[in-house]
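Okay, here's what each chain looks like letter by letter:
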Amino acid sequence: MDLMSLTAVELGKKIQAKEVTVEEAVKAAIASIKAKEEKINSFVTIDEEGALKKAAEVQAKIDAGELKGALAGVPVAIKDNMCTKGLLTTCSSKILYNFIPTYTSEAVKRLEDAGAIIVGKTNMDEFAMGSTTETSAYGITRNPWNLEHVPGGSSGGSCAAVAAGETYLALGSDTGGSIRQPSSYCGVTGIKPTYGTVSRYGLVAYASSLDQIGPVGKDVSDCAALLEIIAGHDTKDSTCME
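Per chain, residues are indexed from 1 in the order of the written sequence. Only residues with pLDDT of 70 or above have their local features reported here, since the model is predicted, and side-chain atom pairs are shown and tallied only from 80 upward, although totals for entire chains, interfaces and linings are computed over all residues. Side-chain metrics rest on all non-hydrogen atoms present in the structure, leaving aside hydrogens and water.

1. Digging into the sheet that holds strand E2 (residues 75–79)
Then step 1. Pairing within the open sheet is mixed, and its 6 strands lie in the order E1-E3-E2-E4-E6-E5. Among the strands making up the open sheet, the edge pair consists of strand E1 (43–46) and strand E5 (189–190).
Then step 2. For two strands to be treated as a pair, DSSP must find no fewer than two bridges joining them. Strands are runs of DSSP state E lasting at least 2 residues, helices are runs of H or I lasting at least 4, and numbering of each runs from the N terminus. Alignment of E2 against strand E3 (residues 117–122), held across 5 bridges, turns out to be parallel. Paired with Ile 78 across the strands is Lys 121, a residue of E3.
Then step 3. Throughout, a residue-residue contact means that at least one pair of heavy atoms, one from each residue, lies within 4.5 Å. Lines fitted to C-alpha atoms define the axes, with helix axes restricted to the stretch in contact, and inter-axis angles between N-to-C directions lie between 0 and 180 degrees. In the packing of helix H3 (residues 48–63) onto the sheet, the strands contacted are E1 and E3, and the crossing angle to E3 comes to about 155°.

Here it is, written out as structure tokens:
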């Protein structure tokens, strides 16, 4: 079975049915990343050690019946402008080359609480200011369908990673098209949620009155499952809807 050919929802069902372990899913994603990254450059940071450690913790909770959600045990990638406690967050800029946050953004925290496994942080236009993912200080991200083409931006790393089968799902951020445009270029599904649906807490701002965190997935069902987890009121974001 080629695990990376499954959708996130399909993988989640197999994990719950004990047909696939969380460790197997994470190792499949990491192996795919290692095999393809030299050409695509979707990631700024790959957290293999942290992902495998988290996989063991999540598997134990699934076995104990404590985690039953659709995405429990599913590997995900996070755009590198969302704070992740203890994990490098660069916004694809050398200015933040050594920035390791002391807290995690609300959307990412909700994913972790649901049992999703973060495999790494994805490349982007520096500080999200671009539409091709060519302005990253850590190199250009390529479109996996044609390496001579751009993946779009600024969430190009997230969209390219999903399109290339390096991960099942990813979070991106959209200010003026930065999820929707690269999703189109890379042939994946991406959503910019209605403003206030998802907390912006922990998102490094570009234009706060427009920024929104949203899902990138293989299909609409995957995006819906991810959005259901990250959406909801957050007292730490005064613009978040009740």
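2. Looking at the nonpolar core
Then step 1. Counting residues in hydrophobic clusters, the biggest one holds 57 residues, and the most contacted among them are Leu 171 and Ile 230.
Then step 2. With 7 residues, helix H2 (residues 22–40) is the largest single contributor of residues to this core.
Then step 3. The contact partners of Ile 230, leaving out residues within four places of it in the chain, are Ala 107, Arg 110, Leu 111, Leu 171, Val 198 and Ile 213. For our purposes a nonpolar core is just a set of buried Ala, Val, Leu, Ile, Met, Phe, Trp, Tyr and Cys residues, chained together by side-chain atoms within 4.5 Å. Three exposure classes are used, based on accessible area relative to the maximum for each residue type with a 1.4 Å probe and protein chains only: buried under 20%, partly exposed in between, and exposed over 50%.

3. Details of the packing of helix H4 (residues 106–113) against helix H7 (residues 220–230)
Then step 1. Packing of H4 against H7 leaves a shortest axis separation of 8 Å and a crossing angle of 110°. The angle between the axes of H4 and H7 places the two elements in the roughly perpendicular class. Of H7, the residues touching H4 (which contributes Ala 107, Arg 110 and Leu 111) are Leu 226, Ile 229 and Ile 230.
Then step 2. Polar here means any residue outside two lists: the nonpolar Ala, Val, Leu, Ile, Met, Phe, Trp, Tyr, Cys and Pro, and the charged Asp, Glu, Lys and Arg; Gly therefore counts as polar. Considered class by class, the residues forming the contact of H4 with H7 number 5 nonpolar, no polar and 1 charged. Reported orientations rely on four angle classes, namely roughly parallel under 35 degrees, roughly antiparallel over 145, roughly perpendicular from 65 to 115, and oblique for the rest.

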